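Chain by chain, the residues run as shown.
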Amino acid sequence: MEWETVIGLEVHVQLATKSKLFSGSSIEFGAEPNTQANVFDLALPGTLPVLNKKALEMAVKFGVAIDAEIGLKSVFDRKNYFYPDLPKGYQTSQLDFPIVGKGSLDVTLEDGSIKTIGITRAHMEEDAGKSLHEDFHGETGIDLNRAGTPLLEIVSEPEIRSATEAVAFLKKLHSLILYLGISDGDMSKGNMRCDANVSVRLKGEELGTRAEVKNINSFKFVEKAINIEVARQIELLEDGGRVVQETRLYDSEKNETRSMRSKEVANDYRYFPEPDLLPVLIDEAYIEEIRATLPELPDTKRQRFMNEYKLSEYDALVLTNDLATANYFEAVVLVCGNAKLSANWVSVDLQAYLNEAEIPISESPVRPELLGGLINKITDNTISSKIAKTVFEAMLAGEGNAENIIKTKGLKQVTDSGAIETMVATVIANNPEQVEQYQSGKEKVFGFFVGQIMKESKGKANPAQVNQILKDKLSK
Amino acid sequence: MFKSGIAELSRSLAAGEFSSEEITSAYLARIKEKDKALNSYITLCEEQALAQAKAADATRAKGEASLLTGIPLAHKDIFCTAGIKTSCGSRMLDNFIAPYNATVVENFNQAGVVTLGKTNMDEFAMGSSNETSYYGPVHNPWDKDLVPGGSSGGSASAVAAHLCPAATATDTGGSIRQPAAFCGLTGLKPTYGRVSRWGMIAFASSLDQAGTLTRSAEDAALMLNVMAGHDPKDSTSIDIATENYTANLNRPLDGLKIGIPVQHFAEGLNADVEQKIRNALSEFEKLGATLKDISLPNSHQSVSAYYVIAPAEASANLSRYDGVRYGYRCDDPQDLEDLYKRTRSEGFGTEVKRRIMIGTYALSAGYYDAYYIKAQKIRRLIKNDFDNAFAEVDVIMGPTSPHTAFKIGSQTNDPVTMYLEDIYTIAVNLAGLPGISVPAGLVKNLPVGLQIIGKNFTESHLLNIAHQFQQATDWHTQTPEI
Amino acid sequence: MSISADDIAYIAHLARLQLSEAEKQEAALNFKNILALIDQMQSADTDQLEPLSHAIEASQPLREDIVTEKNQRDDLQKIAPKCEQGLYLVPKVID
């Protein structure tokens, strides 16, 4: 039996506004409990909501970026349920008339192919507060600072077929919202959260019953949670069981999903249009105004990098995934003019260091001007690529620019052909045995000579010149 | 002094006949003496009132008084008042002291008005007789065995009994106009969105509107001048310029086209009440108006649609009363469910619980389309009826209520009969229109109200029409003996 | 349309109301009468009509994205039934 996985994602993105969706309270992270909850956030009687202009702009911006239909008339609804972190007893959300309708996202899969994944809708809604379960004499403490924080809920079509596709989709979405500047996408702070609707079916058959997996708060866990849930469902079905439509919580410590029984009871949310708010009416002119503020988006930038800098699709993809990386790369190219070397240095050497040190590129100790200067020293033959790594290490250690490091460490490349010829002659003279081997057709020993010469020059001899002169001398 | 409305008091204050402090003290004393029999106030704001009165007198001494500076008023206990209890007639909020003023209250404070107290009301404004209040029923000053109408029964009783010159009130399905009719007052419900709802405790958000209970149309105009206007804190308050509502009071009514909806004169209307209304309409003819029969063919559907929409909105609006952040909380909750259920069951009265249940039912899975959506469609039908009527006439007139005030306790066991009390007024809220009830005679010494319905944002015209009627008649000056 | 005791119990639970036996019986009776009143709507032909949520058809006004609120926790928690360390307390929530 061949099973096929069907996944739809619901992603909650916290919009990067200053104030809440419907009140003037701050949404800054990390404040003392309930110091950012005003009379509206606490649902005091008689208080009323007014929509945040910026949140609307951000939602429309997202819609325009994914080429979605924008709701010219969008309507807020009340979703009714009782929970202590929901002060009004309803969440203000959008049901039938969301601000963003159908759109799509192009996702590059592991094999390099591009898959278009449909986005069903995206709508604005309020976040809930937090329940703190530390023991307050057996009671739960409620902090409502987060209540009313603006969220954009993005819902994908069930077109995702594997956990790795889901991760690729999320990473692309993450990249996009950062490009758009509508969220910081920080999953560790819960500013981007993901629920996955997972089902399995035999190839070609109808959709199976889905389970909604909640509480997935990192890219790593998305993959793990989906895989474990898929495995659970397949095992269940192969044993003759049935999948129950339910909400399941992912436990990252045990790497398992488990049923959230408390949420199962009576999900009768009694949605109806929020009478305290009017329909949000926007026109084409407004949409065009927002379209005009769109930055260059990842796909366009990738194409441009391929055209303008003659980069491979892979290099272009790696560099444009993250806006800060793309900007960094372009700043390096501006200094050195060599796109290929810049791409290698940024995506390999620099990235390796940043990953290891776990710091974002925006905080890289080597600024683009420094890296560009280093590349200049390679292209003008002052140093070899190999020596450049030594210089780069020194830069990371904060020892200044390439020029100074080369000077103080005496790393300048030897390009004087006279000097190189002398070194070549010495090495040939000292190794007659290898000369004989080479001349009898064992060309592999050529590398041995290069190594000896580089050793002699402490790595500073220009490799191209060494190759040329060595070849000449040995063939004589 | 107690016979004077706002306009007269304003003139007396300006002429220096007496000070605000004197008027305020006199009213406070009268309330203490007379209100035991009426129960029209929940809270008396003695200290604050005297302080406000002194401040008003000081403002006047500096020559900075406005028309309303130093005038004492009462606020329906649905408007939040900073530092003063706002109960909404409910045990749920018996201990609730808002840290803010409703925009309406704030506007009156800015104008130098003195708040005498907070008036009794049906719990969460749900009622047509003021019998659902946690603080007990209010009595009608015309006959203490009768109801004053509701839900703004406390405001109506207090104004009619001269326990304040005028009062604020709210109207969701007739809660200003019906008590005005029962107590012989002028009751104005402005267009939906004309007056801010911020700080006014919500019953049904798309229907609630603040207005006035006064002794004359002129007083209503003076109050509306202070209350009306766009409030950036209320998304449903409409940003349309206000008018000077007293400016057009004296315009003649020549050529006024009055529509008489046949449905408002059909079966169920008390014959004596009908006669008074017909007499009033003749009076308008004398003033130069013409009458034209019109049809509001779906008006009989308005009560049905209302009892879906209002409870549905209320069921969600009242979810916030959960015993967690303010208000009543049950003793010693065993678990979260127990906290919610006992808090809400002990904190809300019977009628409120009934409407929460109806609203929850109408919105619940499987019933939403048949009830809620259907009601919203009927709502459009009713609005269309009015639009069609207003293509032919300037205003619509008829009885405010099918009969005069009824006995306390006579309808409490029959919610449906009680709901039908508002049969002539409810459609106006569903359509968002402005309406005013003015006294149009007495039947067996009980007041009868004439309802005048206008097009959106024509409060100025409605007040002009009501004022002209009051210049020609003296029904509004009739007062009960207390 | 009539309503069963189970329906009443379900609705009461959704609304987080606890009704006594007497109240449940009273509710069932009143529901029957009130639903009869409400059901009169079904006679109206509304097929061609759009539902109307607000009488005034206007657009939602927008607020600038500015933080206007200060910390009012102390004042706001003065009127709260139960607080500790700045938190509102409720009986233990079990997920």
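Being a predicted model, the structure only gives us computed values, none of them experimental.

Participant: Which parts of the structure should I look at to understand the interface of chain B and chain C?
Facilitator: Interfaces are often described in size by the accessible area the parts lose on coming together. Each partner contributes residues to the interface: chain B has 65 residues there, and chain C has 53 residues. For the pair chain B and chain C, the summed buried surface comes to about 5,200 Å²; carbon and sulfur atoms form 67% of the total. For chain B, the biggest contributors to the area lost against chain C are Met357(B), Tyr361(B) and Arg380(B); these three give 14% of the whole. The interface formed by chain B and chain C includes four salt bridges. Between Glu23(C) and Lys353(B) there is a salt bridge whose closest N-O contact spans 3.4 Å. Linking chain B to chain C there are 21 residue pairs in polar contact (both at pLDDT 80 or more). Elements with a minimum of two residues in the side of chain B that touches chain C: α9 (302-317), α10 (336-347), α11 (350-363), α12 (368-390), α13 (415-419) and α14 (426-431) of chain B. For the side of chain B that touches chain C, the element with the highest residue contribution is α12(B), accounting for 13 residues. The residue inventory of the side of chain B that touches chain C, partitioned by class, reads 34 nonpolar, 16 polar and 15 charged.

Participant: Sorry if this is basic, but what is going on with the domain arrangement of chain A here?
Facilitator: Residue and element names in this part refer to chain A. Considered domain by domain, chain A is made up of domain 1 (3-289), domain 2 (298-409) and domain 3 (417-475). Summarising the inter-unit geometry, the C-alpha centres of domain 1 and domain 2 are found 37 Å apart. Each side of the interface is counted separately: domain 1 has eight residues, and domain 2 has 11 residues. Between domain 1 and domain 2, roughly 730 Å² of surface is buried when both sides are summed, and carbon and sulfur atoms account for 57% of that area. A per-residue breakdown of the area domain 1 buries against domain 2 is headed by Thr108, Lys172 and Tyr179, which together make up 63% of the total. Linking domain 1 with domain 2 are one salt bridge, by the criterion used here. Elements that contribute at least two residues to the side of domain 1 that touches domain 2 include exactly β6 (103-108) and α2 (163-180). Counting residues per element, the side of domain 1 that touches domain 2 draws most heavily on α2, at five residues. Each residue belonging to the side of domain 1 that touches domain 2 can be placed in one class, and the counts come to four nonpolar, two polar and two charged.

Participant: Is there a simple way to think about the pattern of salt bridges in this case?
Facilitator: Oppositely charged side chains can form a pair if their charged atoms are brought close together. For the structure shown, the criterion picks out 56 salt bridges over all chains. The closest approach of N and O atoms between Lys172(A) and Asp299(A), which form a salt bridge, is 2.7 Å. Pair noted here: Lys172(A) is in helix α2 and Asp299(A) is in helix α6 (residues 298-308), with a separation of 127 residues, a long-range link. On the accessibility criterion, Lys172(A) (12% relative accessible area) is buried. Salt bridges linked by common partners bring Arg78(A), Glu274(A), Asp276(A), Arg197(B) and Asp234(B) together as one network.

Participant: What am I meant to see in the UniProt feature "active site" (unreviewed entry) in chain B here?
Facilitator: All names here are of chain B. As recorded in UniProt, the feature "active site" (unreviewed entry) lies at Lys76, Ser151 and Ser175. Considering the C-alpha atoms alone, the annotated residues occupy 100 residues of sequence yet fold into one spot, their largest mutual distance being 11.2 Å. Following the sequence through the fold, Lys76 ends up in strand β2 (residues 72-76). Accessibility expressed as a relative area gives 0% for Lys76, which makes it buried. Those residues within four positions of Lys76 in sequence are excluded, and the remaining contacts are Lys118, Thr119, Met121, Ala125, Ser151, Ser152, Ser155, Thr168, Ala169, Thr170 and Ser175. Within the local environment of Lys76, its side chain forms a polar contact with the side chain of Ser151, the two groups lying 2.8 Å apart. Looking at the element boundaries, Ser175 is found in the loop between β4 (167-171) and α6 (177-183).

Participant: Sorry, what's going on with the environment of Glu337(B) here?
Facilitator: On the secondary structure map, Glu337(B) appears in helix α10. Accessibility expressed as a relative area gives 29% for Glu337(B), which makes it partly exposed. Residues Glu337(B) and Thr86(B) lie 251 residues apart in sequence; the distance between their C-alpha atoms is 27 Å. Discounting chain neighbours no more than four positions away, the residues touching Glu337(B) are His13(C) and Arg16(C). At a separation of 3.4 Å, a polar atom in the side chain of Glu337(B) contacts the side chain of His13(C).

Participant: Got a minute to help me understand helix α2 (residues 21-38) of chain C in this structure?
Facilitator: Side chains of residues three or four places apart in an α-helix project in the same direction, reflecting 3.6 residues per turn. Compared with the 26 Å implied by 1.5 Å per residue over 18 residues, the 25 Å span of α2(C) between its first and last C-alpha is a close match. Along α2(C), the residues that are buried comprise Ala27(C), Asn30(C), Phe31(C), Ile34(C), Leu35(C), Leu37(C) and Ile38(C). Taken together, the buried residues of α2(C) touch α9, α11, α12 and α13 of chain B together with α1 (5-14) of chain C.

Participant: It is not clear to me how the side chain of Glu351(B) should be interpreted in this structure. Could you clarify?
Facilitator: Residues and elements named next belong to chain B. With respect to the secondary-structure elements, Glu351 resides in helix α11. Overall, Glu351 belongs to the buried group, its relative accessible area being 10%. There is a polar contact of 2.7 Å between the side chain of Glu351 and the side chain of Tyr419. Setting aside residues no more than four positions away along its own chain, Glu351 makes contact with Met126, Thr132 and Tyr419.

Participant: Help me understand the interface of chain A and chain B, please; the structure alone is not making it clear to me.
Facilitator: Each side of the interface is counted separately: chain A has 30 residues, and chain B has 38 residues. On the chain A side of the contact with chain B, Pro45(A), Leu48(A) and Phe82(A) bury the most area, a combined 23% of that side's loss. Our enumeration of links across chain A and chain B arrives at one salt bridge. Between Arg197(B) and Asp276(A) there is a salt bridge, with the nearest N and O atoms lying 3.0 Å from each other. The set of elements that each furnish at least two residues to the side of chain A that touches chain B consists of β4 (77-80) and β15 (272-273) of chain A. Split by residue class, the side of chain A that touches chain B holds 20 nonpolar, four polar and six charged.

Participant: What am I meant to see in the sheet that holds strand β11 (residues 192-202) of chain A here?
Facilitator: Pairing between the strands of a sheet comes from backbone hydrogen bonds, and it takes one of two forms, parallel or antiparallel. Residues and elements named next belong to chain A. Pairing within the open sheet is mixed, and its eight strands lie in the order β6-β7-β10-β1-β11-β12-β13-β14. Taken across any chain shown, the strands that pair with only one partner, and hence form the sheet edges, are β6 and β14 (256-259). Strand-to-strand, the axes of this sheet are offset by a mean angle of 30 degrees, without reference to chain direction. Where strand β7 (residues 114-126) lies against strand β10 (residues 150-156), seven bridges are found, and the strand directions are antiparallel. By the bridge assignment for β10, Ile119 is matched with Ser156. Sitting on the sheet, helix α3 (residues 219-238) is in contact with β1 (3-14), β11, β12 (211-216), β13 (246-251) and β14, with an inclination near 25 degrees to β11.

Participant: Quick question: what am I supposed to make of the sheet that holds strand β5 (residues 90-93) of chain A here?
Facilitator: All names here are of chain A. Reading across the sheet, the three strands line up as β5-β4-β15 and stay open at both edges, with antiparallel pairing between neighbours. Each edge of the open sheet carries a strand with a single partner, namely β5 and β15. Here β4 runs beside β5; their pairing, made up of four bridges, is antiparallel. If you follow Arg78 over to β5, its bridge partner there is Thr92.

Participant: What is the right way to look at the UniProt feature "domain: Amidase" (unreviewed entry) in chain B in this model?
Facilitator: Feature annotation in UniProt assigns "domain: Amidase" (unreviewed entry) to the following positions: residues 22-463 of chain B. Structurally, residues 22-463 of chain B comprises 36% helix and 14% strand, and the distance from its first C-alpha atom to its last is 30 Å.

Participant: Looking at this model, I keep getting lost on the pairing of strand β3 (residues 114-119) of chain B. Mind explaining?
Facilitator: Residue and element names in this part refer to chain B. Taken across its six residues, β3 has six buried, putting it largely inside the fold. Bridge count for strand β1 (residues 41-44) against β3 is three bridges, and the pairing is antiparallel. Opposite Tyr41, over in β3, you have Thr119 as the bridge partner. When β2 meets β3, the two strands line up parallel, connected through five bridges. Bridge pairing links Lys76 to Thr119 in β3.

Basis of the calculations
- Residues numbered from 1 in each chain as written.
- Chains lettered and ligands numbered in written order.
- Predicted model: local features only at pLDDT ≥ 70, side-chain atom pairs only at ≥ 80, totals over all residues.
- Heavy atoms only, no water.
- Contact = heavy atoms within 4.5 Å.
- Buried area = accessible area lost by both parts, 1.4 Å probe.
- Salt bridge = Lys/Arg side-chain N within 4 Å of Asp/Glu carboxyl O.
- Polar contact = N/O pair within 3.5 Å; in protein donor to acceptor, adjacent residues only side chain to side chain.
- Helix = DSSP H or I, 4+ residues; strand = E, 2+ residues; numbered from the N terminus.
- Nonpolar A, V, L, I, M, F, W, Y, C, P; charged D, E, K, R; others polar.
- Domains from an automatic or database assignment.
- Buried < 20%, exposed > 50% of the residue type's maximum accessible area, 1.4 Å probe, protein only.
- UniProt positions renumbered as here; feature names shortened; annotations may be inferred.
- Expected span 1.5 Å × (residues − 1).
- Pairing = 2+ DSSP bridges.
- Axes fitted to C-alpha atoms, helices over the stretch in contact; angles between N-to-C directions.

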